[in-house]
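Coordinate inspection notes
The residues making up each chain are set out below.
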Amino acid sequence: MKNLIAAVLTVQLLGLMPVFGQNTELQSLKETYERWIQAWNEKDAPTVAEIAWGTYGYGRDAAFLRKGASDKHSYQKGIQGYMDSMLGISYDEHFSNIRIIDGVGFIDGYYEQTTQQLNGPKRTVYGRHSLVFMRQNGDWHLKHYHRSPIPDEFVR
């Protein structure tokens, strides 16, 4: 019995098995993350702003988002302007590791993003991203987002 308890605790500590009661929290976090990706793909600025208002860390091509905004309306307007400058935005998740530690949600993984500006060529970037979510008023909200492109020699 002692060995069984030690084995279960080891598996939990390694993150291979969710801690009791955390399944619903993980599912809720995953659903918020998927809704955020869907909102970008559908150019749904109000939903992106609702999930990520004030988030820091977006990439160079959306510099206004790195600085946050003083109010949610301005933030949403900035996101909408960015979306309106694109003919298309496609954000596809390839792999994600989702976990919750001390009530903070962490997601990291790999993605493929294809964008096309109104007067520009279509481009696809492969990268790695990390996101940090926290609960506010019962809902998950994105607090930090970082992405790094993967050099071309690794994606061919």
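Preceding this paragraph is the structure being described.
What this report covers is the structure whose coordinates are included nearby. Everything quoted here is computed from the prediction, not taken from an experiment. (Residues numbered from 1 in each chain as written. Predicted model: local features only at pLDDT ≥ 70, side-chain atom pairs only at ≥ 80, totals over all residues. Heavy atoms only, no water.)

This next bit is on the pattern of salt bridges. By the definition in use, this model includes 4 salt bridges. The partner of R135 in a salt bridge is E25, with the nearest N and O atoms 2.7 Å apart. Of the two residues, R135 is situated in strand 3 (residues 122-136) and E25 in helix 2 (residues 23-41); the sequence distance between them amounts to 110 residues. A salt bridge links D108 to R128, with the nearest nitrogen and oxygen atoms 3.1 Å apart. Here the residue D108 occupies a position in strand 2 (residues 104-117), and R128 occupies one in strand 3, the gap between them amounting to 20 residues. (Salt bridge = Lys/Arg side-chain N within 4 Å of Asp/Glu carboxyl O. Helix = DSSP H or I, 4+ residues; strand = E, 2+ residues; numbered from the N terminus.)

Right, let's talk about the pairing of strand 4 (residues 139-149) for a bit. Direction of pairing for strand 3 relative to strand 4: antiparallel, over a ladder of 10 bridges. Bridged to F133 within strand 4 is L142. Counting the residues between successive antiparallel strands, the hairpin from strand 3 to strand 4 contains 2 residues, one of them, N137, with a positive phi of roughly 50°. (Pairing = 2+ DSSP bridges.)

Attention now goes to the sheet that holds strand 4. Pairing in this open sheet of 4 strands is antiparallel, and the strands run 1-2-3-4 from one edge to the other. Looking at the sheet topology across the chains shown, the edges are occupied by strand 1 (86-101) and strand 4. Direction aside, neighbouring strands of the sheet carry axes that sit 25° apart on average. Two strands pair when backbone bridges link them, and strand 2 and strand 3 are joined in this way by 12 bridges, in the antiparallel orientation. What sits directly across from Y110, in strand 3, is R128. (Axes fitted to C-alpha atoms, helices over the stretch in contact; angles between N-to-C directions.)

This paragraph deals with the environment of R123. Note that R123 resides in strand 3. Given a relative accessible area of 43%, R123 falls into the partly exposed group. (Buried < 20%, exposed > 50% of the residue type's maximum accessible area, 1.4 Å probe, protein only.)

Attention now moves to the packing of aromatic side chains. A ring pair, where both rings are aromatic, is described by two values, the distance of the centres and the angle of the planes. Per the counting criterion, the structure on display carries 5 aromatic pairs. For the pair W36 and Y91, a centre-to-centre distance of 5.9 Å together with 75° between the ring planes defines the contact as edge-to-face. Remark: Y91 occurs in strand 1 and W36 occurs in helix 2; sequence separation between them is 55 residues. Accessibility assignment for this pair places W36 and Y91 in one class, buried. When the centroid spacing of 5.9 Å and the interplanar angle of 80° are considered together, the rings of W40 and Y82 count as edge-to-face. Note that W40 is positioned in helix 2 and Y82 in helix 5 (residues 72-84), a separation of 42 residues in sequence. The residues W40 and Y82 share a single accessibility class, namely buried. Among the aromatic residues, those joined into a ring-pair cluster are Y33, W36, Y91, Y111 and Y145. (Phe/Tyr/Trp six-rings, centres within 6.5 Å; stacked < 30°, edge-to-face > 60°.)

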